[in-house]
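# Results of the structural survey
Here is what each chain is made of, one letter per residue.
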Amino acid sequence: MSSSRPAPADRPSSANPAMTDSPMGGSSVGNPPQETTPIPVMGAVTAPVAYQQQSQKKHKPGFSILVLGIILCFIALAALAAVLVFAFMRPFSSVDAPAPPQISQVEKAFSDAKVKAPDLSSFMYIKIDGMSEPELSNYKTGNVTEDPSAKGSFHCDGTADSTVENEYVKAVTPLTVKMTHAANSEEWVAGGVDEGAPSVSPTGPADMEAIQANMQNILKGYDQDLANQFVDCEVRPEASLNTQGGTIIFNLSKVVGEETKTCAVSADVTWGNNGWDIKVTGVDGLEAPAEEQPAEPEEPQEVEVVEEAPAPSENQGGGTTEIYPTMLLECWSGDLVRIPGTIQVQDNGSVLLRTDDVIRVVFNGMNYITTYFELTGSGSWQNGQHVIVEGAISATGTNPIAPLVINLNYI
(Lines give C-alpha, C1' and ligand atoms only; values in the text may rest on other atoms or scores of the structure.)
Protein backbone atom coordinates (compact mmCIF):
# COMPACT_ATOMS: atom_id res chain seq x y z
CA MET A 1 0.00 0.00 0.00
CA SER A 2 1.54 3.18 -1.13
CA SER A 3 1.37 6.51 0.52
CA SER A 4 2.00 9.91 -0.89
CA ARG A 5 4.24 12.40 0.80
CA PRO A 6 4.25 16.06 0.32
CA ALA A 7 6.96 17.58 -1.77
CA PRO A 8 9.80 19.21 -0.02
CA ALA A 9 9.17 22.76 0.78
CA ASP A 10 12.33 23.93 -0.94
CA ARG A 11 11.42 22.21 -4.20
CA PRO A 12 8.05 23.05 -5.39
CA SER A 13 6.62 20.77 -7.96
CA SER A 14 5.52 22.22 -11.25
CA ALA A 15 4.83 18.96 -13.06
CA ASN A 16 1.22 18.67 -11.99
CA PRO A 17 -0.67 21.85 -12.67
CA ALA A 18 -3.59 20.58 -10.60
CA MET A 19 -1.60 21.07 -7.47
CA THR A 20 -1.45 24.85 -7.69
CA ASP A 21 -2.60 26.77 -4.61
CA SER A 22 -6.01 28.33 -4.54
CA PRO A 23 -6.38 32.00 -3.77
CA MET A 24 -7.57 31.12 -0.27
CA GLY A 25 -4.29 29.21 0.53
CA GLY A 26 -5.47 25.56 -0.04
CA SER A 27 -5.33 23.24 -3.01
CA SER A 28 -8.30 23.23 -5.30
CA VAL A 29 -8.20 19.64 -6.53
CA GLY A 30 -6.88 16.40 -5.20
CA ASN A 31 -5.98 17.18 -1.61
CA PRO A 32 -8.34 18.28 1.13
CA PRO A 33 -8.06 21.96 2.12
CA GLN A 34 -5.68 22.76 4.84
CA GLU A 35 -6.83 24.63 7.96
CA THR A 36 -6.19 28.34 7.74
CA THR A 37 -6.60 31.10 10.35
CA PRO A 38 -8.96 33.85 9.11
CA ILE A 39 -7.59 37.35 9.15
CA PRO A 40 -10.25 39.86 10.26
CA VAL A 41 -10.65 42.87 8.04
CA MET A 42 -12.28 45.94 9.61
CA GLY A 43 -15.45 46.96 7.76
CA ALA A 44 -15.43 44.03 5.37
CA VAL A 45 -18.37 42.26 7.04
CA THR A 46 -20.24 45.05 8.88
CA ALA A 47 -20.56 47.46 5.96
CA PRO A 48 -22.91 45.29 3.87
CA VAL A 49 -25.09 44.64 6.99
CA ALA A 50 -25.42 48.34 7.79
CA TYR A 51 -26.35 49.12 4.19
CA GLN A 52 -29.03 46.46 4.23
CA GLN A 53 -30.72 47.87 7.44
CA GLN A 54 -30.91 51.41 6.01
CA SER A 55 -32.52 50.07 2.90
CA GLN A 56 -35.27 48.33 4.95
CA LYS A 57 -36.26 51.53 6.97
CA LYS A 58 -36.66 53.57 3.84
CA HIS A 59 -39.23 51.26 2.27
CA LYS A 60 -42.07 50.78 4.89
CA PRO A 61 -45.43 50.96 3.04
CA GLY A 62 -47.62 50.61 6.22
CA PHE A 63 -46.72 54.05 7.60
CA SER A 64 -47.67 55.87 4.39
CA ILE A 65 -51.02 54.09 4.25
CA LEU A 66 -51.83 55.15 7.89
CA VAL A 67 -51.10 58.82 7.20
CA LEU A 68 -53.17 58.76 4.05
CA GLY A 69 -56.10 57.17 5.92
CA ILE A 70 -56.08 59.87 8.62
CA ILE A 71 -56.11 62.63 6.02
CA LEU A 72 -59.02 61.03 4.20
CA CYS A 73 -61.00 60.75 7.49
CA PHE A 74 -60.56 64.48 8.18
CA ILE A 75 -61.75 65.32 4.67
CA ALA A 76 -64.82 63.10 5.08
CA LEU A 77 -65.76 64.65 8.46
CA ALA A 78 -65.46 68.17 7.08
CA ALA A 79 -67.66 67.28 4.13
CA LEU A 80 -70.29 65.71 6.44
CA ALA A 81 -70.36 68.81 8.68
CA ALA A 82 -70.87 71.07 5.67
CA VAL A 83 -73.76 68.90 4.47
CA LEU A 84 -75.45 68.94 7.90
CA VAL A 85 -75.15 72.70 8.29
CA PHE A 86 -76.59 73.23 4.85
CA ALA A 87 -79.42 70.78 5.53
CA PHE A 88 -80.46 72.45 8.83
CA MET A 89 -80.08 76.05 7.75
CA ARG A 90 -81.83 75.75 4.45
CA PRO A 91 -85.43 75.51 5.81
CA PHE A 92 -85.05 78.76 7.85
CA SER A 93 -83.67 80.73 4.96
CA SER A 94 -85.83 79.19 2.32
CA VAL A 95 -88.50 81.94 2.74
CA ASP A 96 -87.36 85.52 2.39
CA ALA A 97 -88.56 87.91 5.13
CA PRO A 98 -90.83 90.72 3.88
CA ALA A 99 -89.92 94.37 4.25
CA PRO A 100 -91.20 95.97 7.50
CA PRO A 101 -94.47 97.91 7.32
CA GLN A 102 -94.37 101.54 6.31
CA ILE A 103 -94.76 104.28 8.92
CA SER A 104 -98.05 105.22 7.27
CA GLN A 105 -99.32 101.67 7.87
CA VAL A 106 -98.38 101.86 11.55
CA GLU A 107 -100.07 105.24 11.88
CA LYS A 108 -103.26 103.87 10.28
CA ALA A 109 -103.22 100.86 12.63
CA PHE A 110 -103.26 103.13 15.70
CA SER A 111 -105.80 105.49 14.16
CA ASP A 112 -108.21 102.63 13.45
CA ALA A 113 -107.87 101.35 17.02
CA LYS A 114 -109.29 104.61 18.54
CA VAL A 115 -106.85 105.05 21.44
CA LYS A 116 -108.39 106.23 24.74
CA ALA A 117 -106.97 108.50 27.46
CA PRO A 118 -105.32 106.74 30.45
CA ASP A 119 -107.06 106.48 33.83
CA LEU A 120 -105.48 109.03 36.19
CA SER A 121 -108.07 108.84 38.98
CA SER A 122 -105.52 107.37 41.43
CA PHE A 123 -103.24 110.43 41.23
CA MET A 124 -103.55 112.72 44.25
CA TYR A 125 -104.45 116.41 44.28
CA ILE A 126 -104.91 116.92 40.53
CA LYS A 127 -107.94 117.64 38.39
CA ILE A 128 -108.58 115.32 35.48
CA ASP A 129 -111.45 117.34 34.02
CA GLY A 130 -110.87 118.98 30.68
CA MET A 131 -108.19 116.55 29.48
CA SER A 132 -107.29 116.90 25.80
CA GLU A 133 -107.97 114.16 23.26
CA PRO A 134 -105.10 111.66 22.82
CA GLU A 135 -102.45 113.00 20.43
CA LEU A 136 -100.32 110.30 18.78
CA SER A 137 -96.70 110.84 17.76
CA ASN A 138 -93.28 109.19 17.49
CA TYR A 139 -94.33 106.33 15.19
CA LYS A 140 -91.75 103.54 14.78
CA THR A 141 -91.43 99.99 13.42
CA GLY A 142 -89.46 97.17 15.00
CA ASN A 143 -87.61 94.17 13.57
CA VAL A 144 -89.33 91.59 11.37
CA THR A 145 -89.29 88.11 12.94
CA GLU A 146 -90.60 84.78 11.66
CA ASP A 147 -93.17 82.86 13.66
CA PRO A 148 -91.42 79.62 14.73
CA SER A 149 -94.74 77.76 14.80
CA ALA A 150 -95.89 78.87 11.33
CA LYS A 151 -93.35 78.72 8.53
CA GLY A 152 -93.52 81.75 6.28
CA SER A 153 -95.53 83.87 8.76
CA PHE A 154 -93.79 87.02 10.04
CA HIS A 155 -94.45 89.57 12.80
CA CYS A 156 -93.45 93.18 13.38
CA ASP A 157 -94.31 95.57 16.23
CA GLY A 158 -95.32 99.16 15.59
CA THR A 159 -94.96 101.69 18.42
CA ALA A 160 -96.19 105.22 19.15
CA ASP A 161 -96.75 107.65 22.06
CA SER A 162 -100.16 108.95 23.18
CA THR A 163 -100.22 112.33 24.98
CA VAL A 164 -103.09 113.89 26.98
CA GLU A 165 -102.93 116.95 29.24
CA ASN A 166 -104.76 119.77 30.99
CA GLU A 167 -103.70 122.66 33.19
CA TYR A 168 -102.70 120.35 36.05
CA VAL A 169 -101.05 117.27 34.55
CA LYS A 170 -99.61 115.69 31.40
CA ALA A 171 -99.56 111.94 30.66
CA VAL A 172 -97.55 110.20 27.92
CA THR A 173 -98.53 106.57 27.33
CA PRO A 174 -96.43 104.14 25.20
CA LEU A 175 -98.50 102.14 22.70
CA THR A 176 -97.70 98.91 20.83
CA VAL A 177 -99.54 97.25 17.94
CA LYS A 178 -98.59 93.78 16.65
CA MET A 179 -98.69 93.45 12.86
CA THR A 180 -98.73 90.09 11.05
CA HIS A 181 -97.63 89.15 7.52
CA ALA A 182 -99.07 85.71 6.65
CA ALA A 183 -97.38 83.27 4.27
CA ASN A 184 -100.21 83.52 1.73
CA SER A 185 -100.62 87.27 2.09
CA GLU A 186 -98.84 90.26 0.67
CA GLU A 187 -100.00 92.80 3.28
CA TRP A 188 -99.38 93.57 6.93
CA VAL A 189 -102.47 93.06 9.14
CA ALA A 190 -102.69 95.00 12.43
CA GLY A 191 -103.89 93.48 15.70
CA GLY A 192 -105.04 95.13 18.94
CA VAL A 193 -103.25 98.00 20.67
CA ASP A 194 -101.49 97.41 24.01
CA GLU A 195 -101.09 100.36 26.39
CA GLY A 196 -98.11 100.67 28.71
CA ALA A 197 -97.88 102.52 32.02
CA PRO A 198 -98.26 106.29 31.49
CA SER A 199 -95.47 108.68 32.39
CA VAL A 200 -97.22 111.47 34.31
CA SER A 201 -95.76 114.90 35.09
CA PRO A 202 -97.33 118.09 36.49
CA THR A 203 -98.13 121.04 34.25
CA GLY A 204 -99.38 123.19 37.13
CA PRO A 205 -99.45 123.35 40.96
CA ALA A 206 -101.36 120.97 43.22
CA ASP A 207 -105.14 121.40 43.50
CA MET A 208 -105.64 123.32 46.76
CA GLU A 209 -109.34 122.46 46.97
CA ALA A 210 -108.55 118.75 46.88
CA ILE A 211 -105.90 119.23 49.59
CA GLN A 212 -108.31 121.05 51.92
CA ALA A 213 -110.97 118.39 51.34
CA ASN A 214 -108.51 115.75 52.57
CA MET A 215 -107.22 117.80 55.53
CA GLN A 216 -108.41 115.34 58.18
CA ASN A 217 -106.43 112.45 56.66
CA ILE A 218 -103.35 114.67 56.28
CA LEU A 219 -103.50 115.47 60.00
CA LYS A 220 -104.06 111.82 60.93
CA GLY A 221 -100.93 110.83 59.04
CA TYR A 222 -98.97 113.20 61.25
CA ASP A 223 -100.68 113.02 64.66
CA GLN A 224 -103.95 111.24 65.49
CA ASP A 225 -104.53 113.43 68.56
CA LEU A 226 -104.09 116.59 66.47
CA ALA A 227 -106.65 115.28 63.98
CA ASN A 228 -109.10 114.55 66.81
CA GLN A 229 -108.82 118.10 68.13
CA PHE A 230 -109.51 119.72 64.76
CA VAL A 231 -112.36 117.67 63.36
CA ASP A 232 -114.44 119.84 60.98
CA CYS A 233 -112.19 122.80 61.63
CA GLU A 234 -111.84 125.87 59.44
CA VAL A 235 -108.77 125.77 57.18
CA ARG A 236 -107.09 128.86 55.73
CA PRO A 237 -104.06 127.87 53.61
CA GLU A 238 -101.08 130.08 52.80
CA ALA A 239 -99.28 128.42 49.89
CA SER A 240 -96.37 129.01 47.54
CA LEU A 241 -96.75 126.29 44.91
CA ASN A 242 -95.65 125.67 41.31
CA THR A 243 -94.94 122.68 39.06
CA GLN A 244 -91.98 121.77 41.30
CA GLY A 245 -94.09 121.65 44.47
CA GLY A 246 -93.58 124.09 47.33
CA THR A 247 -94.79 124.71 50.89
CA ILE A 248 -98.15 125.27 52.59
CA ILE A 249 -99.10 126.67 56.00
CA PHE A 250 -102.55 125.52 57.11
CA ASN A 251 -104.09 127.90 59.66
CA LEU A 252 -106.61 125.78 61.59
CA SER A 253 -109.27 127.11 63.93
CA LYS A 254 -112.14 125.47 65.79
CA VAL A 255 -114.62 126.80 68.34
CA VAL A 256 -114.69 124.64 71.46
CA GLY A 257 -117.22 125.85 74.02
CA GLU A 258 -116.56 129.52 74.55
CA GLU A 259 -112.98 129.30 73.27
CA THR A 260 -111.43 129.11 69.81
CA LYS A 261 -108.60 126.64 69.39
CA THR A 262 -106.05 127.50 66.68
CA CYS A 263 -102.73 126.27 65.29
CA ALA A 264 -100.54 126.59 62.19
CA VAL A 265 -99.55 123.36 60.39
CA SER A 266 -96.56 123.52 58.00
CA ALA A 267 -96.24 121.03 55.13
CA ASP A 268 -94.01 120.31 52.12
CA VAL A 269 -95.53 119.50 48.73
CA THR A 270 -93.57 117.27 46.31
CA TRP A 271 -94.42 115.25 43.20
CA GLY A 272 -94.34 111.46 43.61
CA ASN A 273 -95.26 108.29 41.76
CA ASN A 274 -98.98 108.73 42.52
CA GLY A 275 -99.35 112.48 42.28
CA TRP A 276 -98.61 115.15 44.88
CA ASP A 277 -97.35 114.15 48.33
CA ILE A 278 -98.26 116.35 51.34
CA LYS A 279 -95.92 115.88 54.32
CA VAL A 280 -96.53 117.77 57.57
CA THR A 281 -93.26 119.14 58.95
CA GLY A 282 -94.40 120.93 62.11
CA VAL A 283 -97.20 122.50 64.19
CA ASP A 284 -97.04 125.93 65.85
CA GLY A 285 -99.33 127.71 68.31
CA LEU A 286 -100.97 124.60 69.78
CA GLU A 287 -101.19 124.75 73.57
CA ALA A 288 -100.54 121.58 75.52
CA PRO A 289 -103.71 120.22 77.17
CA ALA A 290 -104.04 121.05 80.84
CA GLU A 291 -103.73 118.19 83.32
CA GLU A 292 -106.99 116.84 84.62
CA GLN A 293 -107.88 117.51 88.24
CA PRO A 294 -109.95 114.61 89.58
CA ALA A 295 -111.01 116.56 92.66
CA GLU A 296 -112.62 119.26 90.53
CA PRO A 297 -114.13 117.54 87.46
CA GLU A 298 -114.79 119.64 84.42
CA GLU A 299 -118.42 120.36 83.71
CA PRO A 300 -119.63 118.73 80.44
CA GLN A 301 -120.09 121.01 77.47
CA GLU A 302 -123.75 120.53 77.00
CA VAL A 303 -124.81 119.85 80.57
CA GLU A 304 -126.63 122.69 82.25
CA VAL A 305 -127.87 123.12 85.79
CA VAL A 306 -131.50 122.13 86.20
CA GLU A 307 -133.66 125.00 87.34
CA GLU A 308 -136.56 122.79 88.41
CA ALA A 309 -135.98 119.11 89.00
CA PRO A 310 -138.66 116.94 87.40
CA ALA A 311 -140.58 114.39 89.35
CA PRO A 312 -139.43 110.76 89.12
CA SER A 313 -142.59 109.84 87.21
CA GLU A 314 -141.41 111.87 84.23
CA ASN A 315 -138.58 109.41 83.59
CA GLN A 316 -139.62 107.90 80.25
CA GLY A 317 -136.50 106.31 78.84
CA GLY A 318 -135.07 104.38 81.76
CA GLY A 319 -132.39 104.68 84.40
CA THR A 320 -132.99 105.32 88.07
CA THR A 321 -136.29 106.72 89.36
CA GLU A 322 -135.32 107.06 93.02
CA ILE A 323 -133.15 110.15 92.79
CA TYR A 324 -133.60 113.68 91.51
CA PRO A 325 -131.34 115.11 88.78
CA THR A 326 -129.05 118.01 89.44
CA MET A 327 -127.76 118.42 85.86
CA LEU A 328 -129.47 118.69 82.48
CA LEU A 329 -128.21 117.39 79.10
CA GLU A 330 -130.19 118.01 75.91
CA CYS A 331 -128.89 116.16 72.83
CA TRP A 332 -129.73 114.11 69.77
CA SER A 333 -128.34 110.81 68.51
CA GLY A 334 -124.74 111.25 67.31
CA ASP A 335 -124.07 114.52 69.19
CA LEU A 336 -120.66 114.91 70.80
CA VAL A 337 -120.83 115.06 74.63
CA ARG A 338 -118.27 115.41 77.43
CA ILE A 339 -119.19 113.94 80.83
CA PRO A 340 -117.01 113.49 83.94
CA GLY A 341 -117.22 110.38 86.05
CA THR A 342 -115.56 107.25 87.42
CA ILE A 343 -114.82 104.05 85.49
CA GLN A 344 -116.53 100.85 86.66
CA VAL A 345 -115.46 97.68 84.85
CA GLN A 346 -118.12 94.95 85.00
CA ASP A 347 -117.55 91.23 85.39
CA ASN A 348 -118.75 90.59 81.82
CA GLY A 349 -116.12 93.00 80.45
CA SER A 350 -118.43 95.93 79.77
CA VAL A 351 -117.36 99.40 80.97
CA LEU A 352 -119.67 101.87 82.72
CA LEU A 353 -119.17 105.52 83.58
CA ARG A 354 -120.51 106.46 87.04
CA THR A 355 -121.26 110.16 86.61
CA ASP A 356 -120.33 112.75 89.21
CA ASP A 357 -123.87 114.15 89.09
CA VAL A 358 -127.37 112.85 88.63
CA ILE A 359 -128.20 113.86 85.05
CA ARG A 360 -131.49 114.37 83.33
CA VAL A 361 -130.89 113.59 79.65
CA VAL A 362 -133.39 114.85 77.08
CA PHE A 363 -132.38 112.53 74.25
CA ASN A 364 -134.29 112.66 70.94
CA GLY A 365 -137.24 114.17 72.84
CA MET A 366 -137.30 111.51 75.56
CA ASN A 367 -136.33 111.93 79.22
CA TYR A 368 -133.69 109.80 80.95
CA ILE A 369 -132.61 110.26 84.58
CA THR A 370 -129.39 108.39 85.12
CA THR A 371 -126.02 108.23 86.84
CA TYR A 372 -124.56 105.66 84.46
CA PHE A 373 -123.50 105.58 80.80
CA GLU A 374 -122.13 102.55 78.97
CA LEU A 375 -118.83 103.16 77.12
CA THR A 376 -117.88 101.58 73.81
CA GLY A 377 -114.87 101.98 71.53
CA SER A 378 -111.17 101.71 72.09
CA GLY A 379 -109.63 102.79 75.37
CA SER A 380 -107.46 101.66 78.25
CA TRP A 381 -109.55 101.68 81.42
CA GLN A 382 -108.76 101.06 85.06
CA ASN A 383 -111.47 100.36 87.59
CA GLY A 384 -111.98 103.41 89.79
CA GLN A 385 -110.20 105.80 87.39
CA HIS A 386 -111.71 109.28 87.23
CA VAL A 387 -111.96 110.56 83.64
CA ILE A 388 -113.75 113.04 81.42
CA VAL A 389 -115.30 111.03 78.60
CA GLU A 390 -115.78 112.59 75.16
CA GLY A 391 -117.74 110.74 72.51
CA ALA A 392 -120.87 110.40 70.41
CA ILE A 393 -124.07 109.61 72.35
CA SER A 394 -126.63 107.03 71.25
CA ALA A 395 -129.43 104.88 72.67
CA THR A 396 -128.16 101.49 71.55
CA GLY A 397 -127.32 100.19 75.03
CA THR A 398 -128.90 97.10 76.62
CA ASN A 399 -127.86 97.67 80.22
CA PRO A 400 -130.98 98.65 82.27
CA ILE A 401 -129.05 100.99 84.58
CA ALA A 402 -127.17 102.59 81.64
CA PRO A 403 -129.71 103.07 78.84
CA LEU A 404 -127.49 105.50 76.89
CA VAL A 405 -124.16 104.71 75.25
CA ILE A 406 -121.15 106.96 74.58
CA ASN A 407 -118.99 105.79 71.68
CA LEU A 408 -115.40 106.99 71.97
CA ASN A 409 -114.60 106.03 68.36
CA TYR A 410 -116.77 108.82 67.04
CA ILE A 411 -114.50 109.81 64.08
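Bear in mind that the values here come from a model prediction, so they are computed numbers and not experimental data.

## Describing the sheet that holds strand β8 (residues 245-256)
Overall, antiparallel pairing links the four strands, which are arranged β7-β8-β9-β10 in an open sheet. The two strands at the open ends of the sheet, each matched to only one other strand, are β7 (234-242) and β10 (275-284). Pairs of neighbouring strands in the sheet enclose a mean axial angle of 20°, with direction left out of account. In this sheet, β10 lies alongside strand β9 (residues 259-272) in antiparallel orientation, the contact comprising nine bridges. When the sheet's bridge partners are listed, Ser266 is paired in β10 with Gly282.

## Some points on a nonpolar patch on the surface
Together, Val67, Leu68, Ile71, Leu72 and Ile75 give the surface a local cluster of nonpolar side chains, amounting to about 450 Å² of exposed area. Relative to the helices and strands, Ile75 resides in helix α2 (residues 61-92). Owing to a relative accessible area of 52%, Ile75 belongs among the exposed residues under this scheme.

## A look at helix α3 (residues 103-113)
Helical periodicity: at 3.6 residues per turn, an α-helix aligns residues three or four positions apart in one direction. When α3 is considered as a whole, its buried residues turn out to be Val106, Ala109 and Phe110. Seen along its axis, α3 keeps its buried residues to an arc of 90°; they face one direction. Away from the buried face of α3 by more than 90 degrees, exposed residues Ser104 and Lys108 are located. Next to the buried residues of α3 lie β1 (135-141), β3 (154-165), β4 (169-181) and β5 (189-195). Within two residues after α3, Lys114 carries a phi angle of roughly 55°, on the positive side.

## Thoughts on the pattern of salt bridges
All chains considered together, the criterion is met by two salt bridges. A salt bridge links Lys108 to Asp112, with the shortest nitrogen-to-oxygen separation between them at 2.8 Å. Placement of both Lys108 and Asp112 in helix α3 is noted, with a separation of four residues, approximately one turn of the helix. Judged by relative accessible area, Lys108 falls into the exposed class, the value being 51%. Among the salt bridges present, the one from Glu390 reaches Arg338, with a minimum N-O distance of 3.3 Å. One end of the pair, Glu390, is in strand β16 (residues 386-394); the other, Arg338, is in strand β13 (residues 336-345), and 52 residues separate them in sequence. For Glu390, a relative accessible area of 30% gives the class partly exposed.

Reading guide: rules and limits
Residues numbered from 1 in each chain as written. Predicted model: local features only at pLDDT ≥ 70, side-chain atom pairs only at ≥ 80, totals over all residues. Heavy atoms only, no water. Pairing = 2+ DSSP bridges. Helix = DSSP H or I, 4+ residues; strand = E, 2+ residues; numbered from the N terminus. Axes fitted to C-alpha atoms, helices over the stretch in contact; angles between N-to-C directions. Patch = residues over 30% accessible without salt bridge, like charges linked within 9 Å, V, L, I, M, F, W, Y side chains within 5 Å. Areas by Shrake-Rupley, 256 points an atom, 1.4 Å probe, with all protein chains shown as cover. Salt bridge = Lys/Arg side-chain N within 4 Å of Asp/Glu carboxyl O. Buried < 20%, exposed > 50% of the residue type's maximum accessible area, 1.4 Å probe, protein only. Arc of directions from axis to C-beta. Contact = heavy atoms within 4.5 Å.

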